[in-house]
Amino acid sequence: MVRMAPALKGRRGPLTLTQAAVQRLKELQTSSAPEEQNKTLKIGIQGKGCSGNAYTLSWVAEPKKFDEKVTQDGVTVLIDSKALLTLIGTEMDWFEGKLASQFVFNNPNIKGACGCGESFLV
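What comes next is a walk through the structure.

Rules used throughout
- Residues numbered from 1 in each chain as written.
- Predicted model: local features only at pLDDT ≥ 70, side-chain atom pairs only at ≥ 80, totals over all residues.
- Heavy atoms only, no water.
- Phe/Tyr/Trp six-rings, centres within 6.5 Å; stacked < 30°, edge-to-face > 60°.
- Helix = DSSP H or I, 4+ residues; strand = E, 2+ residues; numbered from the N terminus.
- Buried < 20%, exposed > 50% of the residue type's maximum accessible area, 1.4 Å probe, protein only.
- Contact = heavy atoms within 4.5 Å.
- Pairing = 2+ DSSP bridges.
- Axes fitted to C-alpha atoms, helices over the stretch in contact; angles between N-to-C directions.
- Salt bridge = Lys/Arg side-chain N within 4 Å of Asp/Glu carboxyl O.
- Core = buried A, V, L, I, M, F, W, Y, C linked by side-chain atoms within 4.5 Å.

**Some thoughts on the packing of aromatic side chains**
Inspection of the entire model under this criterion finds two aromatic pairs. Judged by centre distance (4.2 Å) and plane angle (25 degrees), the rings of Tyr 55 and Phe 105 are stacked. You can see Tyr 55 sitting in strand β3 (residues 53–60) and its partner Phe 105 sitting in strand β7 (residues 101–106), a full 50 residues away along the chain. Judged by relative accessible area, Tyr 55 falls into the partly exposed class, the value being 22%. For Phe 105, a relative accessible area of 12% corresponds to the buried category. Pairing Trp 94 with Phe 103 gives two aromatic rings, centres 4.8 Å apart and planes at 65 degrees, and the pair type is edge-to-face.

Below, the structure written as structure tokens:
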């Protein structure tokens, strides 16, 4: 009798993008200067704020060796290797309100956040 290995489950990506986030990223890439259009948004974590961590967003020309690449609906986002474990399961959304327009991260790993919402604790 031959014993078969169990079927592998699909690997869940570290980050999912809402349709609003995908649309906004596409708008940002097409409206930027021609020399900037080949850059990719990179998400990281920086020690900052009263709760200890804050998200960082930057445009980069090349990924670093261990950066995680997430592609969804024609948009590619990089995740800094140091932030990867903190971001697993996170949903990135675009919020547009009367007072602010910004990317919002719905992160299931957060244990606490400061009152202003700028920093978080995992």
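**Overview of the side chain of Asn 107**
Inspection of the secondary structure puts Asn 107 in the loop between β7 and β8 (112–113). Setting aside its immediate chain neighbours within four residues, Asn 107 contacts Tyr 55, Thr 86, Leu 87 and Thr 90.

**A closer look at the sheet that holds strand β6 (residues 90–96)**
The strand order β1-β6-β7 describes an open sheet built from three strands, whose pairing is mixed. Single-partner strands in this sheet number two, and they are β1 (15–17) and β7. Taken pair by pair, the neighbouring strands of this sheet meet at an average axis angle of 30 degrees, ignoring direction. Together, β1, β6 and β7 form the strand contacts of helix α1 (residues 19–31), whose direction differs from that of β6 by roughly 70 degrees.

**Section: the pattern of salt bridges**
This structure, assessed with the given rule, holds three salt bridges. Arg 24 is paired through a salt bridge with Glu 27; the nearest N and O atoms lie 3.2 Å apart. Taken together, the residues span about one helical turn, with Arg 24 and Glu 27 both in helix α1 at a distance of three residues. Taking the relative accessible area as the measure of exposure, Arg 24 reaches 25% and is therefore partly exposed. Between Asp 80 and Lys 42 there is a salt bridge, and its shortest N-O distance comes to 3.6 Å. Here Lys 42 lies in strand β2 (residues 40–47) and Asp 80 lies in the loop between β5 (75–79) and α2 (84–87), a separation of 38 residues in the sequence. Overall, Asp 80 belongs to the buried group, its relative accessible area being 18%. Connected via shared salt-bridge partners are Lys 42, Asp 67 and Asp 80.

**What to know about the environment of Ser 31**
Relative to the helices and strands, Ser 31 resides in helix α1. Look at Ser 31 and you get exposed, because its relative accessible area is 58%.

**Observations regarding the nonpolar core**
Judged by nonpolar contacts, the single largest core of 17 residues is most densely connected at Leu 15, Leu 17, Leu 25, Ile 43, Val 77, Met 92 and Phe 103. Mapped by element, the contributors of at least two residues to this core are β1, α1, β2, β5, β6 and β7. In this structure Phe 103 touches Ala 21, Arg 24, Leu 25, Leu 28, Leu 57, Met 92, Asp 93 and Trp 94, once residues within four positions along its chain are discounted.

Nothing here speaks to function; it is geometry throughout.
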